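Per-entry structural report
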Amino acid sequence: MAVTFVAGSSPTYEEEAAASISGATPAGIANDDTLLAAVFGRDALTTPSGWSVLHATTFDRSGATTHLTVYGKDTVTSADASTSFTFDCATTDRMELAYAVLRGVDSVGATDRKSVV
């Protein structure tokens, strides 16, 4: 089976003084899909329960250090469609969140999904 893009979310923004960000996943998620969350924060991000870090990097964005972490949900079911998840940051500042859903990824473990990102 080929890997296909199922859906993505519009980015969710917290402009100032946010220590966490939440946003609803796209509709149309099916059992065993791969659900990814890309989260930007000005400080270290905390991995929520049920998610694994697939990629993390730090870079300069408009003169401020920014952390980008891509998470993969460990177990995905159709119940995850339109569900809100919360991602936390060590300090309060701007945050952004966006989701992507892939189908046909031939793995179930977060380690195996690294090749998708």
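Above this note sits the structure.
As a starting point, this report considers the structure included with it.

Conventions we followed
- Residues numbered from 1 in each chain as written.
- Predicted model: local features only at pLDDT ≥ 70, side-chain atom pairs only at ≥ 80, totals over all residues.
- Heavy atoms only, no water.
- Helix = DSSP H or I, 4+ residues; strand = E, 2+ residues; numbered from the N terminus.
- Contact = heavy atoms within 4.5 Å.
- Areas by Shrake-Rupley, 256 points an atom, 1.4 Å probe, with all protein chains shown as cover.
- Pairing = 2+ DSSP bridges.
- Core = buried A, V, L, I, M, F, W, Y, C linked by side-chain atoms within 4.5 Å.
- Buried < 20%, exposed > 50% of the residue type's maximum accessible area, 1.4 Å probe, protein only.

What follows covers the overall build of the protein chain. A tally of regular secondary structure across the protein chain gives one helix and seven strands. When the helices and strands of the protein chain are listed from N to C terminus, the series reads β-β-β-β-β-β-β-α. Considering only residue pairs separated by 6 or more positions, the protein chain has 73% of its internal contacts joining residues 24 or more positions apart. Surface summary for the protein chain: the accessible area is close to 6,000 Å², and the carbon and sulfur share equals 50%.

The next subject is the pairing of strand β5 (residues 51–61). Inspection of the sheet shows β5 paired to strand β6 (residues 64–73) by 10 bridges, in the antiparallel sense. The residue of β6 that forms the bridge with Arg61 is Ala64. The hairpin formed by β5 and β6 contains two residues between the paired strands, and Ser62 there has a positive phi angle of roughly 55°.

In terms of nonpolar packing, the biggest core is built from 17 residues, with Leu35, Val39, Trp51, Phe87 and Tyr99 touching the most fellow members. Those elements giving two or more residues to this core turn out to be β2 (12–24), β3 (34–41) and β7 (84–103). Among the elements that line this core, the one with the most residues is β7, at seven residues. Setting aside residues no more than four positions away along its own chain, Phe87 makes contact with Ala19, Ser20, Ile21, Ala37, Val39, Pro48, Trp51, Tyr71, Met95, Leu97 and Tyr99.

Of note, Asp32 is a non-glycine position whose phi angle comes to about 70°, a positive value. In this structure, Asp32 sits in the loop between β2 and β3. Overall, Asp32 belongs to the exposed group, its relative accessible area being 60%. In this structure, Ser82 is a non-glycine residue whose phi angle is positive, near 60°. Secondary-structure assignment places Ser82 in the loop between β6 and β7. On the basis of relative accessible area, Ser82 is assigned to the partly exposed category, the value being 48%.

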